[in-house]
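Examination of the molecular architecture
One-letter residues, chain by chain:
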Amino acid sequence: MAARPETARKILIYWMDGVVALLAVIAVAFIVGRAVAGAISPPHAAVTIACQLGLCALFPFLLREAFDHRPRPTWKLALAGVLALAATLLRPTTLDNTAPWIEVGTLWLAAAALYLTPRAIACMSVAAAGLLTAYGTLLHGQSWPGALIGLLINFAFMVPAMLLWRWLWWIIRDASNGREARARLAVAEERLRFARDLHDLLGHSLAVITLKSELAAKLATKDAGRALTEMTEVRELAGDSLAKVQQAVHGYQHLDLDQEVAGVRAALEASGTRCVVHVRADELGPAARALLAWVVREGGTNVLKHSRATRCAITIDGGLLEMRNDGVARSAAAPPGSGLRGLAERLVAAGGTLSAAPTATGEFLLRATVPVVGEHPLPAAVPA
């Protein structure tokens, strides 16, 4: 799944492991069959099987070493090449006197493509096709045009397919890293904005307060009246600064319900969770909508962090909000976080309720109610 990069990585790697394991089983079955038919001796069959299985056993290691980046060729790649060459030379012929060695060379070239540049692997593919064609023509009596065309088609399919397989993982990884980077950038920009706002609000005021306090301290023994005047101005300036800070913090506390629902839906769908939304909240006042916005934000965060949900439904009908997801296994095991506890306290103080628990149908339900009329003012604390 693209939104869960580690899961996608495991799927891609294990899929290729399965393909290589299938090729190994087919190769061993063929060699055993030819040995039973008397075409090759048991020692010949044993050595051939050992070379074939050695190549297939090294392939998963080669794949994992080169899946996240293109490394330099290693001794494992060289050893795999030696085993591939030995398996190619030792593979017995079929009943029609042809040698089924195409997949052996192709498997090694596909692994080498993860380590070498495109130009190097193209040259190596052409050279390998020429040598294997000569081998099949001279020792097994094959028609060289047919052998050469078959090899080139096989190489042209398998080698680019392996590069495309890794490129697909790089796209998934970069997309996930890009989303995380954008999220970190958004948080950093918000912190910078908040720091800038606080500096603009308090920087000048605190500097003036400091100067006037120092002046009042000096005048306390010389001119008590003027010192009192200075301290009165300090108190007024401090009160004005406090009011500005409270106003700024209140702006950070206010959330828009529609924006939060849209943002949570986009985040869930980007993570691979199908999200269905039904909202009817026109009759709610600003305070109630803000409370529900906090619940939607916290609920969406918990689904992303603590569950493996594949679907989530958000329903708002007047003062009732329900968020259902199928990630109950992990959600049920986790104790309620500080965010939900803080939300519950805010909702109770505002005349509402909040509950979060698994349901009998195997879902996890977050349910919140807020008063539609006669709303209480929002508490000052922001949930953690």
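Residues numbered from 1 in each chain as written. Predicted model: local features only at pLDDT ≥ 70, side-chain atom pairs only at ≥ 80, totals over all residues. Heavy atoms only, no water.

Looking at an unreviewed UniProt entry, one finds the protein chain named Sensor histidine kinase DesK and attributed to Nonomuraea coxensis DSM 45129.

Looking now at the overall build of the protein chain. Helix and strand counts for the protein chain come out as eleven helices and five strands. Taken over 384 residues, the protein chain has a buried fraction of 37%. Across the protein chain, the fraction of contacts at a sequence separation of at least 24, relative to all contacts at a separation of at least 6, is 70%. Total accessible area computed for the protein chain in this model is approximately 21,000 Å², and 66% of it derives from carbon and sulfur atoms. (Helix = DSSP H or I, 4+ residues; strand = E, 2+ residues; numbered from the N terminus. Buried < 20%, exposed > 50% of the residue type's maximum accessible area, 1.4 Å probe, protein only. Contact = heavy atoms within 4.5 Å. Areas by Shrake-Rupley, 256 points an atom, 1.4 Å probe, with all protein chains shown as cover.)

Attention now moves to the packing of helix α1 (residues 5-36) against helix α2 (residues 42-65). Direction vectors running N to C along α1 and α2 enclose 175 degrees, while the axes themselves pass 10 Å from each other. Taken together, the axes of α1 and α2 lie roughly antiparallel to each other. Across the interface between the two elements, Arg 9, Ile 13, Tyr 14, Met 16, Asp 17, Val 20, Ala 24, Ala 27, Val 28, Ile 31, Val 32 and Ala 35 from α1 touch Ala 45, Thr 48, Ile 49, Gln 52, Leu 53, Cys 56, Phe 59, Pro 60, Leu 63 and Arg 64 from α2. (Axes fitted to C-alpha atoms, helices over the stretch in contact; angles between N-to-C directions. Parallel < 35°, antiparallel > 145°, perpendicular 65-115°, else oblique.)

Below, the discussion takes up the pattern of salt bridges. Summed over all chains, the structure comprises eleven salt bridges. Residue Arg 311 pairs with Asp 326 through a salt bridge whose shortest N-O separation is 3.1 Å. Taken together, the residues Arg 311 in strand β2 (residues 311-317) and Asp 326 in the loop between β3 (320-325) and α10 (328-333) connect sequence positions 15 residues apart. Residue Arg 311 is classed as partly exposed on the basis of its relative accessible area of 43%. With a shortest N-O distance of 3.3 Å, Glu 322 and Arg 367 are connected by a salt bridge. One end of the pair, Glu 322, is in strand β3; the other, Arg 367, is in strand β5 (residues 364-369), and 45 residues separate them in sequence. On the basis of relative accessibility, which here comes to 33%, the residue Arg 367 falls in the partly exposed class. What you see here is one network of salt bridges that share partners, running through Arg 311, Glu 322, Arg 324, Asp 326, Glu 363 and Arg 367. (Salt bridge = Lys/Arg side-chain N within 4 Å of Asp/Glu carboxyl O.)

Attention shifts here to the side chain of Thr 48. Position of Thr 48 relative to the elements: it lies in helix α2. By relative accessible area, Thr 48 is classed as buried at 0%. With near-sequence residues (within four places) excluded, Thr 48 lies in contact with Ile 31, Leu 90 and Arg 91.

This paragraph deals with α2. Spanning 24 residues, α2 covers 35 Å between terminal C-alpha atoms, matching the ideal 34 Å at 1.5 Å per step. Residues of α2 that are buried: Ala 45, Thr 48, Ile 49, Cys 51, Gln 52, Gly 54, Leu 55, Cys 56, Leu 58, Phe 59, Leu 62 and Leu 63. (Expected span 1.5 Å × (residues − 1).)

To continue, consider the packing of aromatic side chains. Counted under the stated rule, the structure contains one aromatic pair. Judged by centre distance (6.2 Å) and plane angle (10 degrees), the ring pair of Phe 67 and Trp 169 falls under stacked. Of this pair, Phe 67 sits in the loop between α2 and α3 (75-90) while Trp 169 sits in helix α6 (residues 144-219), and the two are 102 residues apart along the sequence. Across this residue pair, the class does not change: Phe 67 and Trp 169 are buried. (Phe/Tyr/Trp six-rings, centres within 6.5 Å; stacked < 30°, edge-to-face > 60°.)

So, about the nonpolar core. One finds Leu 55, Phe 59, Leu 63, Leu 77, Trp 108, Ile 121 and Met 162 to be the most contacted residues of the largest nonpolar core, which totals 39 residues. If we skip the residues at most four places from it in the chain, Phe 59 touches Met 16, Val 20, Leu 107, Ala 111 and Met 162. (Core = buried A, V, L, I, M, F, W, Y, C linked by side-chain atoms within 4.5 Å.)

So, about the sheet that holds strand β1 (residues 274-280). The strand order across the open sheet formed by five strands is β1-β2-β3-β5-β4, and the pairing between neighbours is mixed. Of all the strands in the sheet, the pair left with one neighbour each is β1 and β4 (353-358). Within the sheet, the average angular offset between the axes of one strand and its neighbour, ignoring direction, is 5 degrees. (Pairing = 2+ DSSP bridges.)

A few words now on the UniProt feature "transmembrane region" (unreviewed entry) in the protein chain. Per the UniProt entry, the sites bearing "transmembrane region" (unreviewed entry) are residues 12-32, 44-63, 121-141 and 147-169 in this numbering. Measuring from the first to the last C-alpha atom of residues 12-32 gives 31 Å, for a span that is 100% helix and 0% strand. Segment residues 44-63 splits into 100% helix and 0% strand. End C-alpha atoms: 29 Å apart. (UniProt positions renumbered as here; feature names shortened; annotations may be inferred.)

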